[in-house]
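Chains, contacts and geometry: an overview
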Amino acid sequence: MSLQDAFYRTVHDYPGGCESLAPRMGTTPAVLRNKANPNTTQNVVTLRDADMAIAITGDFRLLHALCANHGHVAIRVEAEGHAGDMAVLELVTQVWAANGNVGAAVDATLADGRVDHREIKDVRAAIYRTQQAMLSMLARLEDMAEPVAKGQS
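To start, this report covers the structure provided alongside it. All of these numbers come straight from a predicted model, not from anything done at the bench.

Describing the overall build of the chain
Looking only at helices and strands, one finds seven helices and zero strands in the chain. Each helix (α) and strand (β) of the chain, taken in turn from the N terminus, gives the series α-α-α-α-α-α-α. If you line up the chain on its principal axes, its C-alpha atoms span 60 × 45 × 30 Å. For the chain, long-range pairs separated by at least 24 residues make up 67% of all intrachain contacts whose partners lie at least 6 apart in sequence. Within the structure as shown, the chain displays about 10,200 Å² of accessible surface, and the carbon and sulfur contribution to it stands at 57%. Charge centroids of the chain, computed over 14 positive and 18 negative side chains, lie 7 Å from each other.

A short note on the nonpolar core
Residues Phe7, Val11, Leu21, Met25, Leu32, Ile56 and Leu62 are the most contacted members of the largest nonpolar core, which totals 17 residues. For this core, the elements supplying multiple residues, two or more each, are helix 1 (3–13), helix 2 (17–25), helix 3 (29–36), helix 4 (47–57) and helix 5 (61–69). Every residue in contact with Leu62, bar those within four places of it in the chain, is listed here: Leu3, Ala6, Phe7, Thr10, Ala50 and Ile54.

A few points about the side chain of Glu119
Structurally, the position occupied by Glu119 is in helix 7 (residues 117–144). Nearest to the buried, unbridged Glu119 among oppositely charged side chains is Arg118, at 4.2 Å.

Considering the pattern of salt bridges
A complete count under the given rule lists six salt bridges for this structure. Arg33 is paired through a salt bridge with Glu19; the nearest N and O atoms lie 2.2 Å apart. Residue Arg33 is found in helix 3, and its partner Glu19 is found in helix 2; the two are separated by 14 residues along the sequence. For Arg118, the salt bridge is made with Asp122, and the minimal N-O distance between the two is 3.1 Å. Of this pair, Arg118 and Asp122 both sit in helix 7, four residues apart, which is roughly one turn of that helix. Of the residues examined, Asp122 reaches a relative accessible area of 39% and is grouped as partly exposed. Several salt bridges converge on common partners, so that one network encompasses Arg9, Asp13, Asp59 and Arg61.

As for the environment of Asn37
Inspection of the secondary structure puts Asn37 in the loop between helix 3 and helix 4. Accessibility expressed as a relative area gives 28% for Asn37, which makes it partly exposed. For the pair formed by Asn37 and Val11, sequence separation is 26 residues and the distance between their alpha carbons is 10.0 Å.

Some points on the side chain of Asp59
Its place among the elements puts Asp59 in the loop between helix 4 and helix 5. Among the polar contacts listed, one links the side chain of Asp59 to the side chain of Arg61, at a separation of 2.5 Å. Once residues within four sequence positions are removed from consideration, Asp59 is found in contact with Thr10 and Ile54.

Some remarks on helix 4
Regarding helix 4, the residues found buried are Asp49, Ala50, Met52, Ala53, Ile54, Ile56 and Thr57. The inward-facing, buried residues of helix 4 abut helix 1, helix 2, helix 3 and helix 5. Once helix 4 ends, the next one or two residues include Gly58, with phi positive near 70°.

What counts, and where the lines are drawn
Residues numbered from 1 in each chain as written. Predicted model: local features only at pLDDT ≥ 70, side-chain atom pairs only at ≥ 80, totals over all residues. Heavy atoms only, no water. Helix = DSSP H or I, 4+ residues; strand = E, 2+ residues; numbered from the N terminus. Contact = heavy atoms within 4.5 Å. Areas by Shrake-Rupley, 256 points an atom, 1.4 Å probe, with all protein chains shown as cover. Lys, Arg positive; Asp, Glu negative; His and termini not counted. Charge placed at Lys NZ, Arg CZ, Asp CG, Glu CD. Core = buried A, V, L, I, M, F, W, Y, C linked by side-chain atoms within 4.5 Å. Buried < 20%, exposed > 50% of the residue type's maximum accessible area, 1.4 Å probe, protein only. Salt bridge = Lys/Arg side-chain N within 4 Å of Asp/Glu carboxyl O. Polar contact = N/O pair within 3.5 Å; in protein donor to acceptor, adjacent residues only side chain to side chain.

Geometric descriptors of this kind do not, in isolation, establish any biological role.
Have a look at this one:
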């Protein structure tokens, strides 16, 4: 998903859309609508706009689009303390589900004997979600690891 598309979806999927979100962002609905419109060159989205939209909406599509565009994956850092076995098990099931989604996306891509760019976008998005799930699981396991004793590496 492009950054502009992610901003558009963030703004328009927010309950109440532009009319509700704009005042919270300190702007008017018309200006926010123009910033979200991919077909306008006026009222361009700034980094501050993107950051504020993420903070207010809790919608991270902009962050994920930015990361994906540059070969990175964003994962949420859990603020809670030590993780337990059940938390890891939940992440393992998320990895399994995400892997299944990659398989389904590849299967759908190859089903008609041709591969188009929209299908590649779907496969890329499924792979991104799998990477997120796997990195989240790794982070949780690292959090659970015993401290390394002096003299060991």
